[in-house]
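Understanding the architecture of this molecule
Chain residues, written in single-letter form:
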Amino acid sequence: AVTAAPSDGYKFTAWQENGQTVSEEETYAFIVTGDRELTAVFAANKPSRLPEGYTEVEYISNKNDDNYAFIYDFGVSSTNIHNKRFELKVKLLDTSYFQYLFGGYYWRRYVTNALNQSQGNRSAIWYSDTNNEIFFSYGYSTASTGGMSSVSIPYTTPEMEIVVDTRKGIFSVNGEEKEISKSRSTTSAKVPSLFACNLSYINKPTANSSSSSGSNYGSGPAYMELYYLKIYDSEEDSTGDLVHEYVPCINPSGVVGIYDMVANKFYSSYNKFAFTPGPSV
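A few points on the structure. (Residues numbered from 1 in each chain as written. Predicted model: local features only at pLDDT ≥ 70, side-chain atom pairs only at ≥ 80, totals over all residues. Heavy atoms only, no water.)

Oppositely charged side chains are able to pair whenever their charged atoms sit close together. Enumeration over the complete set of coordinates arrives at seven salt bridges. Among the ionic pairs, Arg 49 bridges to Glu 56, the shortest N-O distance being 2.8 Å. Across the salt bridge formed by Arg 49 and Glu 245, the nearest N and O atoms sit 3.3 Å from each other. Of this pair, Arg 49 sits in the loop between strand E5 (39–44) and strand E6 (55–56) while Glu 245 sits in strand E23 (residues 238–250), placing them 196 residues apart in sequence. With relative accessibility at 44%, the residue Arg 49 sits in the partly exposed group. (Salt bridge = Lys/Arg side-chain N within 4 Å of Asp/Glu carboxyl O. Helix = DSSP H or I, 4+ residues; strand = E, 2+ residues; numbered from the N terminus. Buried < 20%, exposed > 50% of the residue type's maximum accessible area, 1.4 Å probe, protein only.)

Before going further, it helps to examine unusual backbone geometry. The backbone of Asp 65 shows a phi angle near 60°, a positive value even though the residue is not glycine. Among the structural elements, Asp 65 can be located in the loop between strand E8 (63–64) and strand E9 (67–68). If you check the backbone angles, Asn 174 has positive phi at about 50° while not being a glycine. Mapped onto the secondary structure, Asn 174 falls in the loop between strand E17 (170–173) and strand E18 (176–179).

Another aspect to go through is the sheet that holds E5. Taken in spatial order, the three strands make up an open sheet running E3-E2-E5, and their pairing is antiparallel. If you trace the sheet from one side to the other, it starts and ends with strand E3 (20–23) and E5, each paired once. With direction set aside, neighbouring strand axes in the sheet form an average angle of 50°. Sheet topology note: the strand E2 (residues 10–17)/E3 ladder contains three bridges and is antiparallel. Within E3, the position partnered with Trp 15 by the bridge is Ser 23. (Pairing = 2+ DSSP bridges. Axes fitted to C-alpha atoms, helices over the stretch in contact; angles between N-to-C directions.)

Structure follows, in structure tokens:
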């Protein structure tokens, strides 16, 4: 039997022979049949950047059986989406349907006499199975004037690093960049969701009615893994200050979600369905 004894600040990872792992136990017992050259492999303990009790994981995934978890109201205001820079890494796990990766969308419908009019304001990143593209949509629209804008980049690989920076007019996927308008005003869209789009419907059946009803949260969910999301106060000539950094993790109670390293706050699924964690970091 051979036994590995790690020094302070290190942990044992494996016994290897000829570059191949033969045991992951600190004590490895075997029958001697000839000469062997074993190497004990150690790694430095990486201090956690999360609070005590939290476990950082490589990613979180949102599909739970046939249901989808999503995160709503995670510290991002609906009024300043277009003043920020978003950097996120995701991996799409199913490309057979239309799906939102990130979105906030506000839609209203008035029925006044015979005139139907809808208007909305959207800021969303989404995948189209019809076009096989990743889209960023933004702006304001009405039924009569239009105005909603979208730019797209061909989908080539499930793992994607995405950047949206409206202050600089940038939308990019894995380094391929498209120009977007820098003149968009702040949006009145609903608070955005991660892994889905948050939609709100307000119906007014008559001109004299002020009643409203109906809401749909978590619409068009993406089936994906989220590796990170960073949000900056974008500046014309710089990335700007980091205002949110979301790290996939498991909290001390065993709940899977994301931890904001800047605001020191944990967010989990908005609905009753749970996220699935990736391997620990």
